[in-house]
Structure formats: C-alpha cells, structure tokens
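What follows is each chain in one-letter form.
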Amino acid sequence: MEMRENVDVCVVGAGHAGCEAALACARLGLETVIFTVSVDSIALMPCNPNVGGSSKGHLVRELDALGGEMGKNIDKTFIQSKMLNISKGPAVHSLRAQADKAEYSRAMRKVLENQDHLTIKQVEVCELLWENIKSLNEKATKRIIGLKTFTGTIFECKAIILCTGTYLKARCLCGEAIDYTGPNGLKAANYLTDSLLDMGIELRRFKTGTPARMDKRSIDFSKMEEQFGDERVIPFSFSTDPEDVQINQVSCYLTYTNERTHEIIRNNLDRSPIYAGIIEGTGPRYCPSIEDKVVKFSNKERHQVFIEPEGLHTNEMYVGGMSSSLPEDVQLAMYRTVPGLENCKIVRNAYAIEYDCINPKQLYPTLRFKDVKGLYSGGQLNGSSGYEEAAAQGLIAGINAAQFILGKEELEIDRSEAYIGVLIDDLVTKDNFEPYRMLTSRAEYRLLLRQDNADLRLRKKGFQVGLVTEEEYNFVVNKKKLIDKEITRLKNVKIGASSSNQKFLEKYGSSSLKTGVNLAELLCRPELNYDILKQIDPEREELPKDVIEQVEIEIKYEGYIERQLRQVEQFKKMEKKKIPVDLNYDDVPSLRLEARQKLKDFHPVSVGQASRISGVSPADISVLLVYLEQYKRLAEK
C-alpha cells in the first residue's frame, strides 16, 4: 500500500544549506521535512574544520543578521578564532573560527531536532513530482506537487528546496581507487539526477577535493610555526554575548612543502586522476589540489601547509593546503617530505570527489527555478563551493520558499546590499564553469559591505521576513541612533589651538593646529583614534565597543563611503528597470547577435542584471533601454 504524507515544504539534504533552509521554513510556521541520507551527517564538515575566512566571514555575519543559525552554532563550538587581514582596511577584515567538527554537527542537529514544525527523515529522495501549468506572467511551465523516496513514500508539498551538496551521483577518487560514495564514505544519491533531467533541468559535473587527516601523535610540531587565536575573541553572531566566547583556544600550525615534495608529485602525475583524464568534473580555481599548485605555479619553491585540529576529542589533524587525489603510497611519501610530518601516519586519505550540479542560470535571484514554480535550490548544487556560501544560499532559498507558500513577496538581496547578494547575482548572471568561491574582490561596494556592519544593513530585512525578533531589531535601531548621535557630536565639538592641545598632538606625532578644528577632523588623522581623543574630550558618554567601532569607521572613511553610496544610487536605478517576463528579444532591433542569444539564454529580470551578463555590451544595454521605453508606452495604450 502506497504511503502518503502532506507537508508544506520538503528540504532535500541536511548539509549547511539544508539546515538553514529547513530552519527558516519551520520558524516561519510551515510544516517542514528535511531529508538526509544519514542523520549522523547533519551539518557535516567533510572538508576544512573551520567557518568563515576572507569574505566567507562576511557571509556568516550577514546570514546571522537575517536570522540564520550558522553564526550562533560556531560560537558554541569553536576552538580557535581569529580576525583576518587586520593590517588592512576594515572592508576586508574577516572573522575565521576553527570548529570542533563533531560538536558543530551535534549542536546543529540538536537545534533541528528541537525546532517546532520541523521533522528529520533519514531516507534518499529519488524523484520529484510535478505537473504542467500555463503561467500568464511567468516563465514557469511546471509546478512542484511533491516527491517520492527510495522506500516508495510520497510526500505531497507546496515547495521543495534542493540542497544536495556533493552527493548527486558522487564518486570519490584516490589514485586508481574509485569509490561510488559521497563525502566521508557516506552513501551517494544516485537516483535524483535522472528525475531532474526528466524535468528539463540542465546539469553539469563539478569536482572538489580534501586533504588527508593525520594522527596528531605522529606529528612533530616543534618544526612548525605555532598559530594562535586572537586574545579578544569577537563572536560571529550579533546575538552572542562577547563574554561567552572568551575561552582557552587550541593552536594551529604552519609548515611548508619543498622541492622534494614537488618532485614526488611531478614524478607521479600520470597516477593522478586529474592528469590521467579519469576525472570529468571541473575543479575549483581558488582551492586547487597540491598537484595543481605544483604544475600551475612551478616557479614557487614552497607552498603553505596548515595543520589544524579537527576537534577537542580526536587526534585527527587536517592538512590544509595539500588536498590531493594521488594514490595512497604517493600521498604518504609526499606528506613525509614536509617538515614536521616526516613520521606522519594517515588516518584518512586525501581524495577528490565528483558530483552533479545544476547550471545556476536556470534560477531567479530568489533561487527559485525559472521553469518550475515551487522548486528552489541552494548550496553546492548551484555550482558554488564552501560551507558559508551554501548556508547563505540555503537561508535565502528557505525564506523565499516560505514567502512563496504564504503568498508574500519573495526576498531579493542585491549586490549593493550584501555579499549574499553578490554571491547569488554572480551565480545566476554569469557563466560559471567551475565551483564558485566568494572573494572580497568580487564585491564592488565592499567598503559598504563590511562584516562589522552586517546587522545595520540586514537586521531590518530579517525582521520584516519574520526570522528576527522585535527585541533584536530594536537593539539595532537603538545602536544606529547612538552611532548617528555620536558622529554629530564629534562634528560639533570644537578643539582650539591651545598649548595643551598642541602638546597632546605632539605626543602622538600629529601635526599642530593653526586654527580650531572639530573632533571628527582630528579623528580622520591616521595616527589618532577614538580612545586617544578621550584625553581632550573628557565630557563624552561611555559607549558600547561596537558603536565606537562604527563611529570611527564612518568618520575616517567618510569620503570613500559617500562616493560608494553615489555609485550605489546609479546601480539601483538600473536594477529598478524591470524587464517584462514575456519580452521577445528577437523583437528588439539593433541588438548584436551574441547579446540577443545571451539575453534569451539568461532571461534577466532587470536591466541591471542584463548589463552584467558576459557578452552584453553597454551599447546593447542602450538599445534595450530605448526599446523598453517604447514597450512601456505601447503597454500603457
């Protein structure tokens, strides 16, 4: 007898994207089921044992500001934390935390298990169920009505969020040994690919990899450089009390490859699946294997190797920077040439993993499939890489699936508002032929999109959606008032050219005053900061550290910030010029052939998005703008 269940949302996959998607839907009151091939793999970290890093830390703080869970979870389970790039400007400061992998997974599982309206189901999803529709004002020709599991149960639902990670028809490669499994030896999802193809969804094959894990007892750390965490830890979550994260931290270690390492690799390239042509998928450019590093950067005498603990209750150490798909014997020989690893024992071999993923140009910026109403996608299935990129997409997909079911306007975050906006826009607008990784250089408005002001930028959106409480939102509103009030005060407090003030400036190597200035002007001087100025500003009120940080950045970078705000204003004008869904680009005269083909292929939702498609020139955009004006006038008539 066929079993049937009826729910609102089905989330396929319980990795970082799936967890955020499922929690978002359930917290918005929708009956949600999250499917996983193994309950023990919820929020699994199959590769690096950390959260955050350059630009990725921005994503986690933005996710937290919107009401996501990753920031809270890493604050509970980290074993070392460090703010990266502090020698540079605040735009590129990024928080990075080493995670206790097992504790991170357990803590996230506990959150899911205790979330109202959320059910966890261990079973493989084999088939999506859909029906054909006619949509007047959308491109969609299909609508999701449910899914079918391997055991034959049918779950009827209004929306499905695909967060399958690297599991679709996955296979792991270690030299000549090929295992048809997902990461960490978990079961691959071998049936869903055919269902997606039947629906007309375009798939591609990508590849990623992970390094070996070593037995800590076999490593000589005295030959390595010890890497410490920050003395004062900054939490990822804006809801975490900073005092709760001041813990005793575990060290990481830095060592290097050498010419002997590189020689072993070069002599065995014919045994690497990547160079032997066995691997079909495209690998990540910005996280290359050690084989790729040696071949593509042959002028480098050495490469960094980070030895990182996988947790407090295990001896496994992650060998960052040396992912590989070389055979086991070559791996051991290669690793043992690295200082400190001469007697290393491998617990888990390095391996490459191939998997199916979609072409993300099939998605709207809301992460809904253009051709299928009710079908959303997040994470590595969309062609991205990294836990943080996955979690951010999962949250947006979850929010929008809920908004769709509730009949509310879906949430779109553009690239002037958040790194999340940059990530999604790049995925759905650009041709991505390799796993996409977030970089600070991808964000053209990065001075506005700092990790320190994510709450000021995005808390309101999270509150409007329903994932941020009124108390949390009011806290940010009050914080903004304090920042604005203090900036105004500093601009109005005058400092004269008295002898005491001149001595103060001389003490800090700052130019003397010829006339009176305000405190804000003094704060702009690089050798002075807010704390130092307290000596000549005794009447000031005591303010929270996060308020002081914003005041100082806003004043010191005021000119640059104002310039970026003007650029954003122009950007927004183009984003607001929407393109009708039924626009036929063959009717647009004077469009170049390449532009016409690209626009028909991507179906951009706005002129702004159209302008960022490769192959569409500024001249093509001008032609399109003229045509849209004519189209609008005809429609009004």
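For the structure itself, consult the block above.
About the criteria used
- Residues numbered from 1 in each chain as written.
- Predicted model: local features only at pLDDT ≥ 70, side-chain atom pairs only at ≥ 80, totals over all residues.
- Heavy atoms only, no water.
- 1 Å grid on protein atoms, 1.4 Å probe; cavity = no way out; pocket = protein on both sides within 12 Å on 5 of 7 lines; lining within 4 Å.
- Points joined across faces, edges and corners; volume = space filled by probe spheres on them.
- Helix = DSSP H or I, 4+ residues; strand = E, 2+ residues; numbered from the N terminus.
- Nonpolar A, V, L, I, M, F, W, Y, C, P; charged D, E, K, R; others polar.
- Polar contact = N/O pair within 3.5 Å; in protein donor to acceptor, adjacent residues only side chain to side chain.
- Contact = heavy atoms within 4.5 Å.
- Pairing = 2+ DSSP bridges.
- Axes fitted to C-alpha atoms, helices over the stretch in contact; angles between N-to-C directions.
- Buried < 20%, exposed > 50% of the residue type's maximum accessible area, 1.4 Å probe, protein only.

Asks: How should I be thinking about the layout of surface pockets in this particular structure?
Replies: If a probe as big as a water molecule is rolled over the atoms, it shows which places are left empty. Counted as a void, the second largest pocket has a volume near 1400 Å³. Together, 44 residues line the second largest pocket, and Ile234, Asp452, Lys545, Asp546 and Glu549 are the ones closest to its centre. Residue assignment for the lining of the second largest pocket shows that the elements contributing at least two residues are helix 11 (454-465), helix 12 (470-492) and helix 15 (545-556). Broken down by element, the lining of the second largest pocket gets its largest block of residues, seven residues, from helix 15. When the residues that make up the lining of the second largest pocket are grouped by side-chain class, the tally is 17 nonpolar, seven polar and 20 charged.

Asks: When you look at the side chain of Glu434 in this model, what are you seeing that I'm missing?
Replies: Along the chain, Glu434 turns up in the loop between helix 10 (419-429) and helix 11. Of the polar contacts made by the side chain of Glu434, one reaches the side chain of Arg285; its length is 3.0 Å. Sequence-distant contacts of Glu434, defined by excluding residues within four places in its chain, comprise Phe206, Thr282, Gly283, Arg285, Tyr286 and Gly383.

Asks: So what exactly am I meant to see when it comes to the sheet that holds strand 17 (residues 252-256) here?
Replies: For sheets, the rule is that strands pair by backbone hydrogen bonds, running either parallel or antiparallel. Taken in spatial order, the six strands make up an open sheet running 16-17-18-19-15-20, and their pairing is antiparallel. At either margin of the open sheet sits one strand with a lone partner, and together these are strand 16 (225-227) and strand 20 (346-348). Adjacent strand axes in the sheet meet at a mean angle of 35 degrees when their direction is disregarded. As defined by bridge partners, strand 17 adjoins strand 18 (residues 304-309) across four bridges and the pair is classed as antiparallel. Its bridge partner lying in strand 18, Leu254 is registered against Phe306.

Asks: Whenever I open this one, the sheet that holds strand 4 (residues 50-52) confuses me. Can you help?
Replies: Strand order in the open sheet formed by three strands is 4-6-5, with antiparallel pairing between adjacent strands. Single-partner strands in this sheet number two, and they are strand 4 and strand 5 (78-84). For this sheet, the mean inter-axis angle between neighbouring strands, taken without regard to orientation, is 20 degrees. When strand 5 meets strand 6 (residues 94-99), the two strands line up antiparallel, connected through six bridges. Considered in strand 6, the bridge of Ser81 is made with Ala97.

Asks: How should I be thinking about the side chain of Glu575 in this particular structure?
Replies: Turning to its location among the elements, Glu575 is positioned in helix 16 (residues 558-576). When neighbours within four sequence positions are excluded, Glu575 is seen to be in contact with Ser606, Gly608, Gln609 and Arg612.

Asks: Looking at this model, I keep getting lost on the pairing of strand 6. Mind explaining?
Replies: Regular strands show a simple pattern: their side chains alternate between the two faces of the sheet. Burial runs high along strand 6: five of the six residues are buried. Alignment of strand 4 against strand 6, held across three bridges, turns out to be antiparallel. In the sheet register, Gly52 faces strand 6, and the bridge partner there is Arg96.

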